[in-house]
Amino acid sequence: MGKTRMTAVDLRAAVSELSQKLVGQRLQNIYDINPKMYLLKFSGKGDQKEYVVIEVGSRIHTTTFSFEKPKVPSSFTLKIRKHIRQWRLDSLRQLGCDRVVEFNFGSGEKTIRLIIEFYAKGNLIMTDHEYTILGLVRTHTTEDAKYAVRATYPTTDIQLFRPMTRERMEEAFKAVEEGEGNVSLKTAFTNSTEYGPAFVEHCLLNAGARPNFKKAGAADTGRKIADTLLDAFKEPDAFLRDVPEPKGYLIRRLKADEAASASTAILSTRASAEAYEDFAPVLYKQHQAEGLQVEKFDTFNEACDYYFSAVDQSQVEQHNEKSKKAALTKVEKALANHRRRIEELEKEQNVNLDKALLIETHIDDVEAALSIIRSAVGRAVDWTELARIVKEQKRLGNPIASIIHELKLEKNKVSLLLQHPDVDEDGNSEVHVVDVDISLSAHANARTYFGAKKKIQEKQVKTQAAEGKAIASASRKAEKQTKKKTFEPKKDILSVRKVLWFEKFNWFISSENYLVLAGRDAQQNELLVKRYLKKGDIYVHADIHGAASTIIKNPTSSGIPPDTLYQAGNMAVCRSSAWESNIVISAWWVHHNQVSKTAPSGESMPTGAFMIRGKKNFLPPTKLQMGAALIFRVHDEHAKRHVGERMVMNYEGGHEGDETSSVGAPTQSVAPSICAASEAPSSIHCNKNLMERYGLHTEAYTEV
């Protein structure tokens, strides 16, 4: 079982990184994933967003994975949203050296604090500026404090940082001596310091001590190397006092076949999602032993995110496997029950057949016994007296009376002992008890057993025929039950792709690899021009209702090719009422400095409308045609392998430099890189044939 919760040192590293990222950002929203896990969404400048996952009692870190959120948030989540949603994070800190983290929103008397406890069962508490509790996940009472609404959160119990001294070391040595061989140096120092077991073991190993040594003399051994130990403990003291830029390390234990070929070198590549043994902000000495593999991450938060996602994935797979086995067991049980029923029917058939054959074999004796019993019953002989008479006749050696086993006159039957005709090696044969009906003859009783055998045989045939349906029904029920209990891994821990800034607009990549953007509505048209239309970019529009404001981003100092202009104009027209009305119209383009929000004197400019000053360069009428394409995103580590794969298409539809290319040759669907806009002014450079092809002409001064 790997590490399941963060230590004080882990929290110090995580909080150090989180405070650099999050302070100054706004809490856009908070979600409760389950009663103990919460997801905080922060937004910074531009489109910067950070997601922080908090599992009370266990972990806190940024995440790039998505979590399935409940449709209805909890009352506590709604309360947090009411108080601090859209508030700016003022500070983030670890309280002392304790496993407690505090988020501060606002300032002064309006301060709202979120306090997360990572010890024991954990807790998430919201307080005001005076630490009066406004809401919390878990209400409980300890010997020193009460954790409930309107109570005061106890900050006096917070464990403060204390550097290692000889006095503290002596306390640990005494704890080892008082343990009488049951307490190791590692346990004693872990209990008396804030370093956590991993950092303590690291320091003991660096000092040359045996961390898990418990026998008598362990304390004396520690005292002998007290100076070395004191120097070794300066490392965690320095880490807690002033956290250096932490890295992330994941440690997993190699299997026997892996250990033979793998080294303990630090790996920068990720292994498959599997259960890891530990995560740490420092590469501890014990993690450099043989049989362990270390994976390095740029940040500690990234390492924690990958570690816990691997743990979650492992738990999901184990749960799914357990559910599948349970479903399979139910199907196997249903199949076993069905086959046992068929075997029982076969046995019942054989029993009825044997009884019928025995009656036929001893037909005369059976008929004689039936006649005697019927005669006695007909004379109204008392049943008790009749039983006594049969017993007396058996004693006298009457052959007919000797086959009568038991009288069942209340059921109108009598049990007979009939000997099987087959004998074994010793000359013995089995004797069977056969019930016969007094009201029927011997032949009629035999026919009754034959008839019962036939009915059971028909039932067996039907049961065998229904076996497939029974198993299919059991499988469906088991599968349905499994789906109710099974996690969907993709919903729980799917890695989230970072959304690029331009994806909120309508966009496409032109055949010459230029990014073309169009607003979805008037507000987006306004945003697109005001924020993203830069020097060198081109503005494209059409004189028809509903036409989108379209811009072509120009990351180079060269002009925009005609094909890109034509494609952008096509988008502007197709994103207008011309699409539904099937009207053919020409789009036009202008330079960025011709677009203005300043209206003529005495006029107002509505949202999404702009003034165009100067020449409007009209494009030829376009066909109302649009298409769709798939762009595949590759990992950053592999992106360099695909550089230059997207070929630039020339205006005749072929690739540049390809003399034999034909019209309409498809481009390769590889995502381009997006660069910043150039500061150099842009101009359109076309030859005479291209100018004539696009029919470029101008018109002055118009409002869009």
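Residues numbered from 1 in each chain as written. Predicted model: local features only at pLDDT ≥ 70, side-chain atom pairs only at ≥ 80, totals over all residues. Heavy atoms only, no water.

Another point: unusual backbone geometry. Of note in the backbone geometry, R150 takes a positive phi value of approximately 75° without being a glycine. Tracing the backbone shows R150 in the loop between strand 11 (146-147) and helix 3 (166-178). One non-glycine residue, N513, adopts positive backbone phi at about 70°. By the element assignment, N513 lies in the loop between strand 19 (506-509) and strand 20 (515-518). Using a relative accessible area of 26% as the deciding quantity, one classes N513 as partly exposed. (Helix = DSSP H or I, 4+ residues; strand = E, 2+ residues; numbered from the N terminus. Buried < 20%, exposed > 50% of the residue type's maximum accessible area, 1.4 Å probe, protein only.)

Overall, antiparallel pairing links the six strands, which are arranged 19-20-22-21-23-26 in an open sheet. One side of each edge strand has no neighbouring strand; the edge strands of this open sheet are strand 19 and strand 26 (617-618). Of the pairings in the sheet, the one linking strand 23 (residues 587-591) to strand 26 comprises two bridges and is antiparallel in character. The residue bridging W589 from the neighbouring strand is N617, located in strand 26. Where helix 18 (residues 562-574) meets the sheet, it contacts strand 19, strand 20, strand 21 (538-542), strand 22 (550-552) and strand 23, and its direction lies at approximately 40° from that of strand 21. (Pairing = 2+ DSSP bridges. Contact = heavy atoms within 4.5 Å. Axes fitted to C-alpha atoms, helices over the stretch in contact; angles between N-to-C directions.)

Pairing is antiparallel in the open sheet, where five strands are placed in the order 5-6-7-8-9. At either end of the open sheet lies a strand with only one pairing partner, and these are strand 5 (89-94) and strand 9 (133-136). Pairs of neighbouring strands in the sheet enclose a mean axial angle of 20°, with direction left out of account. Where strand 5 lies against strand 6 (residues 100-105), five bridges are found, and the strand directions are antiparallel. Bridge assignment links S91 to a residue of strand 6, and that residue is N104. Running at roughly 165° to strand 5, helix 1 (residues 8-22) makes contact with strand 5 and strand 6 of the sheet.

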